[in-house]
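Letter by letter, the chains look like this.
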Amino acid sequence: MPYETPDHVDPADPDDPAAMREQYRTTPLLEQDLAPAPADQFARWFKEAVAGDLHEPNAMVVSTATPDGRPSARTVLLKAYDDRGFVFFTNYTSRKSGEIEANPSVSLLFPWHPMARQIIITGTAARTGRDETAAYFRTRPHGSQLGAWASDQSSPIASREELLHRYDELASRYPEGESVPVPPHWGGYRVTPETVEFWQGHENRLHDRLRYVRDGDGWRVERLCP
């Protein structure tokens with residue numbers, strides 16, 4: 001059924017979402033131009049996103065679901081990637097972690113709108129080893145290390161003042177320059193991909209969608225209708 005503009009909508013209204021349109025004028029994404037493996041193709045696009053000065057190009061939407069199918073989504077930061085998968089770190093008591101532990105199937109989305117690109121990954125999440133977690137934790141700014149202890153992520157809290165009080169207590173215990181232990185309830189997840197879709201926007205909504213699908217020990221590529 002074609003979309004019909006409601007009578008009460010003014011198509012000239014700049015705040016009307018139905019009137020918002022963008023024509024994407026980009027280079028076609030062709031099968032012969034892809035890297036052999038999705039991690040290599042991701043590396044190409046990620047470098048271009050960084051070179052294009054996108055704000056936080058490592059920001060991705062992580063979608064999870066409960067065993068009975070109730071979804072949730074949030075933005076987190078990618079911290080590593082290679083042939084094994086895509087890594088992010090979080091509190092293991094958070095909502096996302098609880099859902100991952102019960103249902104490890106997840107989706108990742110990199111929304112690089114200024115480049116008319118998206119990367120959509122589906123796969124299975126599993127915890128990283130504690131050595132890998134500790135190595136990354138030691139690279140975090142001192143304040144972020146304290147924040148991992150101060151926040152019981154996703155749990156209700158009475159006020160912001162209470163959160164800041166927790167932080168101040170930790171800052172007194174572990175002043176700047178002193179080593180902060182890695183919280184036992186905090187660590188990484190690696191998402192092992194099963195599909196990786198590269199989406200390139202084009203005019204008239206005739207977008208390119210090329211998806212790598214795991215096929216035994218390798219990958220096959222399929223083109224999807226936009």
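The written sequence of each chain sets the order in which its residues are numbered from 1. In keeping with the model being predicted, local features are shown solely for residues with a pLDDT of at least 70 and side-chain atom pairs are shown and tallied solely at 80 or more, while totals for entire chains, interfaces and linings include all residues. Values reported for side chains reflect all heavy atoms of the structure, with hydrogen atoms and water molecules removed beforehand.

Chemist: Please clarify how the environment of G52 should be interpreted in this entry.
Modeler: Here G52 is to be found in the loop between α1 (38–51) and β1 (59–65). Between the C-alpha atom of G52 and that of P114, which follows or precedes it by 62 residues, the distance is 8.9 Å. Comment: elements are numbered from the N terminus, with helices defined as DSSP H or I runs of at least four residues and strands as E runs of at least two.

Chemist: I tried to follow the packing of aromatic side chains on my own but got confused; where do I start?
Modeler: The way to describe two aromatic rings as a pair is by their centre distance and the angle between their planes. Note on aromatic contacts: the rings of Phe and Tyr and the six-membered ring of Trp form a pair at centre separations within 6.5 Å, being stacked when their planes are under 30 degrees apart, edge-to-face when over 60 apart, and tilted otherwise. The full count for this structure, using the stated rule, is 19 aromatic pairs. Both rings, one in F42 and one in F86, keep their centres 5.1 Å apart while their planes meet at 75°; by these two values the pair is edge-to-face. Of this pair, F42 sits in helix α1 while F86 sits in strand β4 (residues 85–91); the two residues are 44 residues apart in sequence, bridging distant segments of the chain. Accessibility classification places F42 together with F86 in one group, the buried group. Taken together, a centroid distance of 6.2 Å and an interplanar angle of 10° make the contact between Y136 and W186 stacked. Of this pair, Y136 sits in helix α3 (residues 130–137) while W186 sits in strand β7 (residues 186–200), and the two are 50 residues apart along the sequence. Each residue is assigned to one of three classes by its accessible area relative to the maximum for its type, calculated with a 1.4 Å probe on protein chains only: buried under 20%, partly exposed between the two thresholds, exposed over 50%.

Chemist: Help me understand α3 in this model?
Modeler: Turning to α3, its buried residues are T133, A134, Y136 and F137. Angular distribution of buried residues about the axis of α3 spans 165°; they occupy a single face of the element. Each element contacted by the buried residues of α3 is listed here: β4, α4 (142–150) and β7. Our arc is simply the arc of the directions from the helix axis toward the C-beta atoms. Every residue pair with non-hydrogen atoms within 4.5 Å of one another is taken to be in contact.

These figures capture arrangement, not role.
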